[in-house]
Amino acid sequence: ASTSKPLDIDPSKLVVEKTTKPGPLKKPEELIFGANFTDHMLTIEWNKTTGWLEPHITPYQNLSLDPATCVFHYAFECFEGMKAYKDKQGKIRLFRPDKNMERFNKSAARIALPTFAPTALIDLISKLVKIDSRFIPEQRGYSLYLRPTMIGTQKTLGVGAPGSALLYVIASPVGPYYPTGFKAVSLEATNYAVRAWPGGVGDKKLGANYAPCIVPQREAMSRGFQQNLWLFGEEEFVTEVGTMNFFVALKNKETGQKELITAPLDGTILEGVTRDSVLSLARERLAPEGWKIEERKYTMAELDEAASEGRLIEAFGAGTAAIVSPVRCISWKGKLVNCGLQEHEESGEIATKMKNWIEARQYGDDKHEWSYVC
Ligand code: PMP
């Protein structure tokens, strides 16, 4: 029996096979989110005896898997969502990829899939985006959406830790979430379905967390609301919105101080990279102006009270796809809670500032360590 340590991902072993049939480029304005893919993909196989095998960049292609493969039966799947941007000099930049790698490893570990050295995968993703760089549109607001994915590939029906896995990364050129500028969304506060719960896996990016959210979203849509505002418990704590973290700006009832509030990372909230970026920028740039920045539990009743007393300043979702998504109103207990926007406004001041500040770092206009040059 071998006593050698299983191998980690080794970028120096990368094998590249370039496509002989480069695909067409879509016009940027015709891009539909996640519908078009680049010419190549990155794949790395793992098994429990050897560890990670040599990485491959190959033409984008189908996977061939036995119908018994454990991912199809017990949902051994986790993923990430991140973006590559082209700066004014044509250099390709990733935004805080270390954060995505850290979360990817935490998700994988929770479902008994293997972990890896974050810097090794960042290095390989850099190589992939450079090979497919012609797919990254140059215009502001455009980017290359990256989807690192890991699946269990053991082909037996016994329920247990997969003895083999596949990590792959595909890439999709995407346009701005709101091509004609912000559009404030309306939410339905959802208490009949629960996205995540204490001791659960809502803080991990597992595919299994997402499929069950589609029916409630479709129901909210049928009533004229774009997204669910996920509440939790009898207290109706506000947690997240759709697939974004949620922020509210309000004036404190007693002191009148302005507060920017988001739910704490208590295990029921995804650790959003955008959430962390908003908090960090708020502490750097809003706190000196007198804002109190808070990660704490808050309830729908608290928001309703603030709204009815004219203390709710604005609310927005925060995530990689849209950066920020301003919220107009929340349907709750048969009434509409207005989130502070005037009828003609599509975004509040904080949401607009955050979008500009974060974009400046993503596109390298504001030189910062969050931006990783490939
Ligand atoms: N919450 C959920 C449930 C999500 O799926 C996402 C998207 N990854 C987010 C929040 C936002 O995370 P990020 O800012 O890292 O995109």
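Described in the following lines is the structure provided in the data block. (Residues numbered from 1 in each chain as written. Predicted model: local features only at pLDDT ≥ 70, side-chain atom pairs only at ≥ 80, totals over all residues. Heavy atoms only, no water.)

Quick notes on the site of the ligand
So the rule is basically this: Nearness is defined per residue: one heavy atom within 4 Å of the molecule or strand is enough. Residues adjacent in sequence count toward polar contacts only when both atoms are side-chain atoms; beyond that, a polar contact is any pair of N or O atoms within 3.5 Å, and within protein one must be able to donate a hydrogen and the other to accept it. Residue burial considers only the protein chains on display, and all accessible areas are found by Shrake-Rupley using a 1.4 Å probe. Only protein atoms enter the 1 Å grid, on which a cavity is a set of points fitting a 1.4 Å probe that cannot get out and a pocket is an open set with protein on both sides within 12 Å along at least 5 of 7 lines, lining residues being those with an atom within 4 Å of a point. Pocket or cavity membership: a molecule qualifies when more than half of its atoms sit within 2 Å of the grid points of that site.
Taken together, 15 residues surround the ligand, and among them K205, Y210, E240, T274 and T320 come closest. Within the side chain of Y210, one N or O atom sits 2.5 Å away from an oxygen atom of the ligand. The separation between an oxygen atom of the ligand and a polar main-chain atom of V273 is 2.8 Å. Surface burial for the ligand is 95%, taken as the share of its 390 Å² of free accessible area covered by protein chains. Mapping the ligand onto the cavity grids shows that it belongs to the largest pocket.

Focus: helix α7 (residues 349-362)
Note on helix geometry: an α-helix contains 3.6 residues per turn, so any two residues three or four positions apart are oriented the same way. Convention followed: A run of H or I in DSSP becomes a helix once it reaches four residues, and a run of E becomes a strand once it reaches two; helices and strands are each numbered from the N terminus. The length a helix should cover is 1.5 Å for every residue beyond the first. For every residue, the accessible area (1.4 Å probe, protein chains only) is compared with the maximum for its type, and the residue is labelled buried under 20%, exposed over 50%, or partly exposed between those bounds.
The end-to-end C-alpha distance of α7 is 20 Å, a good match for the 20 Å that 14 residues give at a rise of 1.5 Å each. For α7, the set of buried residues is I350, A351, M354, W357, I358, E359, A360, R361 and Q362. Just past α7, the residue G364 takes up positive phi, approximately 75°.

Here's the deal with empty space enclosed by the protein
To be explicit about the condition: Grid points are joined across faces, edges and corners, and a volume is the space filled by probe spheres set on the points. Each residue gets one label: Ala, Val, Leu, Ile, Met, Phe, Trp, Tyr, Cys and Pro are nonpolar, Asp, Glu, Lys and Arg are charged, and the others, such as Gly, are polar.
Tallying each qualifying case throughout the model produces 1 cavity of 30 Å³ or more. Within this model, the largest cavity holds a volume of roughly 70 Å³. What lines the largest cavity is simply G81, M82, K83, Y85, F95, N100, V273, T274, T320 and Q362. Of all elements in the fold, only β6 (82-86) and α5 (273-286) reach the threshold of two or more residues within the lining of the largest cavity. Broken down by element, the residue count for the lining of the largest cavity peaks at 3 residues, all from β6. When grouped by side-chain class, the residues that make up the lining of the largest cavity number 4 nonpolar, 5 polar and 1 charged.

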